[in-house]
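In case you want the letters, here they are:
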There are 2 protein chains.
Amino acid sequence: MFSEIITIGDELLIGQTIDTNSAWIAKQLNNIGISVRQITSIADSKEHIFETLDSAIKSSELVLITGGLGPTDDDITKKTLTEYFDTELITNLDVLKDVKNFIEKRSLKYNKRNIEQAKVPKNCNVIRNENGTAAGMWFSKNDTVIISMPAVPFEMKAMMTEKIIPLLEQHFNTSNVIHKTIQTFGISESSLAEQLSQWKEQLPKSLKLAYLPSPERMQLRLSCVSENKNDGKKNIDNEIEKLKKIIGEAIFGYGNVFLHEAIGDILIDKQETLAVAESCTGGNISRLITSVSGSSKYFIGGVVAYSNDIKEQILGVKKDTLIKHGAVSKQTVIEMANGIRRLYGSDYAISVSGIAGPGGSRDGKPVGTTWIAVAYAEKTVAKKYIFGKQRDINIRIASSKALDMLRRLMI
Amino acid sequence: MFSEIITIGDELLIGQTIDTNSAWIAKQLNNIGISVRQITSIADSKEHIFETLDSAIKSSELVLITGGLGPTDDDITKKTLTEYFDTELITNLDVLKDVKNFIEKRSLKYNKRNIEQAKVPKNCNVIRNENGTAAGMWFSKNDTVIISMPAVPFEMKAMMTEKIIPLLEQHFNTSNVIHKTIQTFGISESSLAEQLSQWKEQLPKSLKLAYLPSPERMQLRLSCVSENKNDGKKNIDNEIEKLKKIIGEAIFGYGNVFLHEAIGDILIDKQETLAVAESCTGGNISRLITSVSGSSKYFIGGVVAYSNDIKEQILGVKKDTLIKHGAVSKQTVIEMANGIRRLYGSDYAISVSGIAGPGGSRDGKPVGTTWIAVAYAEKTVAKKYIFGKQRDINIRIASSKALDMLRRLMI
């Protein structure tokens, strides 16, 4: 069966807000076997909402809407849906209670806008919101279910996970498409296409392969349509075994996993610890590692050594090294890695020093030049990379390369 | 005039990739006075691409497409456009040269897939790509311009900025909608709606106000439609002057600026420096500060003190303080802030210690409890917050609160 997602808000169309909700919603729907055929973002405009709903209801059995439910006047979704489904707004006592509770728990002031939030269209089923003041609404038209949700990500996510997904599983029969994602790092897209061309040729017809490159990882996705899900799963697992023989070392995980998560798992297995010394990545590697709940088990901490003084005084890089070789050099990153390992008493250490750009080319080294070292006991490995000219991309790629160097040292 | 954006790729519809391109493109179009009426994401499916193009060409004078131009077989956009515009693929010598140059510069291997990349539909105008192997394509149908671009963000962005935007400015007349964004922090959405209700009532009819909340900032956007752009600008500036009198302290900037950027500007003005000691934010504050090009002028560096040992041994927090008050306490963050200021010799310092969650509630302190301190000379301010239960949101809000506390101390 097919579904569509409609996100409503002027901010999406002037580029002020990136629509992160749709991808998240699409993933949840796919997990329960509901395909998404289209995602549409439109403005807070009654005519355009009507037109988009007409078209979505014609092609899909499920339409999920986010946005336009806030307490301010620019939000028109609730009013528009009331008109679209030819009904009226009435105060819902459950919602009124939720709104009051929510306001009181946060010691906020209850105002007349909050009372408006408790009004809902008469002919919808209310989906209660425990994390905010805008209720969800479930409508039906012809054979299509239309659901409206708030756009604030954590309100929407809690509502989807706890309420809507179970209701959808009850209401619809799910199909038999299965996806499995293989996470790799260190091989470029076109090189991967070459290395995997023979394997790809022999894939059963029911299997589809897609590549998804990014600075953090190269994802391969295998999809399988089959009569029953177990067969699909077997087909995919069978092909992954063959894949491992071709690009095994580059594979660091399956499903929506990142390098910093994979590294955490390895460190927990080994019961060993990590510390990080960052210059050009400016704290990004530490941030990635600590984004994982429970990372305090293996991550001791880091030093962001943005100035040379800190490299010298805190990490113990020799003045002589900095003068002779510069801050972006093999010698410096090796001394940084050994320095942080000694200082923080960790088993492993990562260090990075580079020219993130867009300015800052020096000592005959172009923007993008980056040295990375990883250290463990007596073993220290250092490597030089030359990335591009975009600061944000360079920081992201340097962080991924560093994490992958550590991973390869550990396996 | 109106435009539409179409993003093509299965990965968007199964939620594997967030469509960040559309927001960026929409912003560029709005900047040159082209409104976006709809953003549509669809799968790599010929029928659906045809159908979406038909509908977009009917309602808009400009259609921008990204995606499906990669070297692998799952990418069908070029083939599909060739069929849609009833033409054939021919090798373009300029593109062939670009592809060869690109491959050689990166010491990658040139393969037959790369030669395929040099083929383009006969009846399009080629837009050359200096950052990748997929060329852009400019088509016309009826009175609509249709442009296809690669989906890799930095390739698309360079192509838009350097080639497409100037071509569009030439080709179209721009309209007279003006937006101005006011960045605020520290007042909640519904409280803001109350404080600004009178001011909002008296706004001229040509002005529209929208609120855009996020953990990083609360954006207010004023839009004005007027006969000429100068009048619109004057109207908006006039209202902003009134706004300043109501919520002046909460305003930290205009346009697409973030707290970490605003702070950088203040520090450059003052010619003073900053260092950061982070526990629960795990490097995120350092990362934000160093994401700004030129931040080495005022940012000395940071310490990520994830373990208590590091708080004690590196930052000099007293053992007694940690035992008596715990790591998440007023005393600890004050000693952390003073410690990093002394150690790094900075003028200002920020420190954060909290329970990011979802687990880790301790000493009777619930998940989300966070202490933040900012220090300058003899002045140290510390404040306690209780955020929610979501780790990523808590880290983002704690980072923003810390940056805003520093900003308010500096102004």
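Keep in mind that this is a model prediction, so the values were computed, not measured.

A. Highlighting the overall build of chain A. Of regular secondary structure, chain A possesses 16 helices and 17 strands. The principal-axis extent of the C-alpha atoms belonging to chain A is close to 80 × 60 × 40 Å. Evaluated residue by residue, chain A yields a buried proportion of 47% over its 411 residues. Long-range pairs, those at least 24 residues apart, make up 66% of the contacts in chain A between residues at least 6 apart in sequence.

B. Seen up close, the pairing of strand 1 (residues 2–8) of chain A. Residue and element names in this part refer to chain A. Here strand 1 lies mainly inside the structure; six of its seven residues are buried. Strand direction decides the pairing type here: strand 1 and strand 2 (residues 35–42), joined by seven bridges, are parallel. Paired with phenylalanine 2 across the two strands is serine 35, which belongs to strand 2. Strand direction decides the pairing type here: strand 1 and strand 3 (residues 62–66), joined by five bridges, are parallel. Within strand 3, the position partnered with threonine 7 by the bridge is threonine 66.

C. Representation of helix 15 (residues 330–344) of chain B in the model. Residue and element names in this part refer to chain B. For helix 15, with 15 residues, the first-to-last C-alpha span of 21 Å sits near the 21 Å given by 1.5 Å per residue. Residues of helix 15 that are buried: Thr332, Val333, Glu335, Met336, Ala337, Gly339, Ile340, Arg341, Leu343 and Tyr344. Two residues or fewer after helix 15 comes glycine 345, characterised by a positive phi angle close to 65°.

D. Examining the sheet that holds strand 8 (residues 144–149) of chain A more closely. Pairing is mixed across the open sheet formed by twelve strands, whose spatial order is 6(A)-7(A)-8(A)-3(A)-1(A)-2(A)-2(B)-1(B)-3(B)-8(B)-7(B)-6(B). Bordering the open sheet on either side are strand 6 (125–127) of chain A together with strand 6 (125–127) of chain B, each of which pairs with just one other strand. The sheet shows a mean angle of 20° between the axes of neighbouring strands, direction not considered. Here helix 2 (residues 21–31) of chain A sits on the sheet in contact with strand 1, strand 2 and strand 3 of chain A, set at roughly 160° to strand 1 of chain A. Helix 7 (residues 153–171) of chain B rests against strand 3 (62–66), strand 6, strand 7 (136–141) and strand 8 (144–149) of chain B of the sheet, and its axis sits at about 170° to strand 8 of chain B.

E. Just the environment of proline 366 of chain B, in detail. Relative to the helices and strands, proline 366 of chain B is located in the loop between strand 15 (348–354) and strand 16 (369–376). Once residues lying within four places of it in the same chain are set aside, the contact partners of proline 366 of chain B are Ser361 and Ile386 of chain B.

F. Quick look at the nonpolar core. Core analysis: the biggest nonpolar cluster contains 126 residues, and Ala337 and Ile340 of chain A together with Ala337 and Ile340 of chain B have the highest contact counts within it. Among residues more than four places away in sequence, those in contact with alanine 337 of chain B are Ala277, Ala349, Ile350, Ser351, Ala373, Val374, Ala375 and Thr380 of chain B. By size, the runner-up hydrophobic cluster in this structure holds 92 residues, among which are Phe139 and Ile164 of chain A together with Leu53 and Leu81 of chain B.

G. Up close: the interface of chain A and chain B. Facing 74 residues of chain A, the contacting portion of chain B comprises 74 residues. Here the side of chain A that touches chain B is composed, by residue class, of 29 nonpolar, 32 polar and 13 charged. For strand 14 (residues 299–305) of chain A and strand 14 (residues 299–305) of chain B, the ladder comprises five bridges, and the chain directions are antiparallel. Paired with glycine 301 of chain A across the two strands is alanine 305 of chain B, which belongs to strand 14 of chain B.

H. Here's a closer look at the relation of the copies chain A and chain B. By a simple turn and slide, chain A fits onto chain B: the slide is 0.1 Å along the axis, the RMSD is 0.1 Å, and the turn is 180°. Taken together, the rotation angle and the small translation identify this as a two-fold axis. Comparing interface residues between copies, 99% of those in chain A also lie at the interface in chain B; the contact surface is shared.

I. Seen up close, unusual backbone geometry. In this model, glycine 357 of chain A is joined to proline 358 of chain A through a cis peptide bond whose omega is 0°. Within the secondary structure, proline 358 of chain A is located in the loop between strand 15 (348–354) and strand 16 (369–376). The phi torsion at aspartate 86 of chain A lies on the positive side, around 55°, for a residue other than glycine. Relative to the elements of secondary structure, aspartate 86 of chain A occurs in the loop between helix 4 (77–84) and strand 4 (89–91). In this model, asparagine 142 of chain B sits at a positive phi of 50°, which is unusual for a non-glycine residue. Looking at the element boundaries, asparagine 142 of chain B is found in the loop between strand 7 and strand 8.

J. Just the packing of helix 2 of chain A against helix 7 (residues 153–171) of chain A, in detail. Residue and element names in this part refer to chain A. For the pair helix 2 and helix 7, interaxial distance at closest approach is 11 Å and the crossing angle is 15°. Relative to helix 7, the element helix 2 lies roughly parallel. The hand of the helix 2/helix 7 crossing is right-handed. In this structure, helix 2 contributes Asn21, Trp24, Ile25 and Gln28 to the contact, and helix 7 contributes Pro153, Met156, Lys157, Met160 and Ile165. Classifying every residue of the contact of helix 2 with helix 7 by side-chain character gives six nonpolar, two polar and one charged.

K. Structural detail: the confidence of the model for chain A. Per-residue pLDDT for chain A averages 92, and the proportion of residues at 70 or more is 98%. For this predicted complex, the interface confidence score (ipTM) comes to 0.70, while the overall pTM stands at 0.72.

L. Region of interest: the sheet that holds strand 12 (residues 251–254) of chain A. Residue and element names in this part refer to chain A. Overall, antiparallel pairing links the four strands, which are arranged 10-11-9-12 in an open sheet. With partners counted over all chains shown, the strands left at the sheet margins are strand 10 (207–213) and strand 12, one partner each. In this sheet, neighbouring strand axes are inclined to one another by 25° on average, regardless of whether the strands run parallel or antiparallel. Inspection of the sheet shows strand 9 (residues 177–184) paired to strand 12 by three bridges, in the antiparallel sense. What sits directly across from glutamine 183, in strand 12, is glycine 253.

M. A look at the environment of aspartate 94 of chain A. Residues and elements named next belong to chain A. Its place among the elements puts aspartate 94 in helix 5 (residues 93–105). Distance in space between the C-alpha atoms of aspartate 94 and methionine 1 is 33 Å, their sequence separation being 93 residues. For aspartate 94, the residues in contact, after removing those within four places along its chain, are Val126 and Arg128.

Cut-offs and rules
Residues numbered from 1 in each chain as written. Chains lettered and ligands numbered in written order. Predicted model: local features only at pLDDT ≥ 70, side-chain atom pairs only at ≥ 80, totals over all residues. Helix = DSSP H or I, 4+ residues; strand = E, 2+ residues; numbered from the N terminus. Buried ≥ 20, exposed ≤ 12 C-beta atoms within 10 Å, placed from the backbone. Contact = placed C-beta atoms within 7 Å. Pairing = 2+ DSSP bridges. Expected span 1.5 Å × (residues − 1). Axes fitted to C-alpha atoms, helices over the stretch in contact; angles between N-to-C directions. Core = buried A, V, L, I, M, F, W, Y, C linked by C-beta atoms within 7 Å. Nonpolar A, V, L, I, M, F, W, Y, C, P; charged D, E, K, R; others polar. Least-squares fit on C-alpha atoms with pLDDT ≥ 70 in both. Parallel < 35°, antiparallel > 145°, perpendicular 65-115°, else oblique. Left-handed = near helix turned anticlockwise from the far one by under 90°. pLDDT = per-residue confidence, 0-100.

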